[in-house]
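Reading the structure
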Amino acid sequence: MRRLLSCWVAALASVAACTAVACDNPTMVAIPDGKTATKDQLLAAQAEVKTYMAAMEQYLACLNEELEAAGDDAPAEFKSLMVTRHNTAVSEMEAVAQAFNEQVRAFREANPDAN
């Protein structure tokens, strides 16, 4: 009986983990070097960053929906995985925003007349 219960819990965790795979983590954007980039390159990167951020918001919403759908009875491993994926995504979003802003500052320093 105990072995059957262990197999059932493992199967449930596998199903929950497979469901979580449905949330696609967006591809990281490339940010040009602000010291050498043109204004057009930075504007294109800005558009890509905005698209990436919107996709990441959808990804976060998907993770939250998956966690809510699993309910309170979801295995602790599944809950932990979803929280880790969420926190990692938020950290990645913050890093992309910071990297882009740093390159904008570098562009402005290298091109003071290009405002």
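Residues numbered from 1 in each chain as written. Predicted model: local features only at pLDDT ≥ 70, side-chain atom pairs only at ≥ 80, totals over all residues. Heavy atoms only, no water.

This next bit is on helix H2 (residues 39-70). Its 32 residues give H2 an end-to-end C-alpha distance of 46 Å, which sits within 8% of 46 Å, the value for a rise of 1.5 Å per residue. Among all positions of H2, only Leu-42, Ala-45, Val-49, Tyr-52, Met-53, Met-56, Tyr-59, Leu-60, Cys-62, Leu-63 and Glu-66 are buried. One or two positions beyond H2, positive phi appears at Gly-71, with a value near 80°. (Helix = DSSP H or I, 4+ residues; strand = E, 2+ residues; numbered from the N terminus. Expected span 1.5 Å × (residues − 1). Buried < 20%, exposed > 50% of the residue type's maximum accessible area, 1.4 Å probe, protein only.)

A few words on the state of the cysteines. A full pass over the atoms with the stated rule returns one disulfide. Sulfur-sulfur distance for the disulfide between Cys-23 and Cys-62 comes to 2.0 Å. In this structure the cystine formed by Cys-23 and Cys-62 twists about its S-S bond by roughly -85°; its chirality is therefore left-handed. With Cys-23 in the loop between helix H1 (2-20) and H2 and Cys-62 in helix H2, the pair connects residues that are 39 residues apart, well separated along the chain. A relative accessible area of 4% means that Cys-23 is categorised as buried. (Disulfide = S-S within 2.5 Å.)

This is a description of form; function is not addressed.
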